[in-house]
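Read off the chains here:
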Amino acid sequence: MPLWLYWILLGLLAGTLAKFLVPGRDPSGCIVTIVLGIVGAFLGGLIGTWLGWGSVTRGSLDVRSIALATLGAIVVLLVGRAARRL
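Moving on, we get to the overall build of the chain. For the chain, the count of helices and strands is three helices and zero strands. The C-alpha atoms of the chain give a radius of gyration of 12 Å, which matches the 12 Å a tight globule of 86 residues would have. For the chain, the proportion of its 86 residues judged to be buried stands at 33%. Taking all contacts inside the chain whose residues are at least 6 apart in sequence as the whole, residues at least 24 apart take part in 64%.

Put into structure tokens, the structure is as follows:
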């Protein structure tokens, strides 16, 4: 699978899980969800590496990569909601 397709699938999966796990209304579409998940994957990889939990692995959709990407997407989603309230 090409690397760009892997990032899109990981972004879609992580963004969808983040929106499902964080309560509240988010009227954004599929593209915003994918971008949320991709940014969350980068952030989750940084957080996971910093805490020693591992990192988002390149080229495989394993449980650790999905969990770290979802954690990062949740952080991005909460920061975005807080910024929107200001």
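From this point, the narrative continues.
It is worth spelling out helix α3 (residues 63-85) at this point. Here α3 is 23 residues long and its end C-alpha atoms lie 33 Å apart, about the 33 Å a rise of 1.5 Å per residue gives. Inspection of α3 places Ser65, Ile66, Leu68, Ala69, Thr70, Gly72, Ala73, Leu77 and Arg81 among the buried residues, and these make up the whole buried set. Those residues of α3 that are buried are in contact with α1 (3-21) and α2 (30-51).

This next bit is on α1. Over its 19 residues, α1 runs 27 Å from end to end, which matches the ideal 27 Å to within 8%, given 1.5 Å per residue. Within the sequence span of α1, burial applies to Tyr6, Leu10, Gly11, Ala14, Gly15, Ala18 and Lys19. Summarising the contacts, the buried residues of α1 are in contact with α2 and α3.

Scanning the model with the defined rule gives two aromatic pairs in all. Ring centres of Tyr6 and Trp7 lie 5.8 Å apart, and the angle between their planes is 70 degrees; on these two criteria the pair is classed as edge-to-face. Taking the relative accessible area as the measure of exposure, Tyr6 reaches 2% and is therefore buried. With a centroid separation of 5.0 Å and 15 degrees between ring planes, the pair formed by Trp7 and Phe42 is classed as stacked. Here Trp7 is found in helix α1, whereas its partner Phe42 is found in helix α2, with 35 residues between them in sequence. By way of ring pairs, the aromatic residues Tyr6, Trp7 and Phe42 are connected into one cluster.

Further remarks concern the environment of Trp4. Note on placement: Trp4 falls in helix α1. The exposure class of Trp4 is exposed, given its relative accessible area of 58%.

How each quantity is defined
Residues numbered from 1 in each chain as written. Predicted model: local features only at pLDDT ≥ 70, side-chain atom pairs only at ≥ 80, totals over all residues. Heavy atoms only, no water. Helix = DSSP H or I, 4+ residues; strand = E, 2+ residues; numbered from the N terminus. Rg over C-alpha atoms; globule rule 2.2 N^0.38 Å. Buried < 20%, exposed > 50% of the residue type's maximum accessible area, 1.4 Å probe, protein only. Contact = heavy atoms within 4.5 Å. Expected span 1.5 Å × (residues − 1). Phe/Tyr/Trp six-rings, centres within 6.5 Å; stacked < 30°, edge-to-face > 60°.

None of this, on its own, says anything about what the molecule does.
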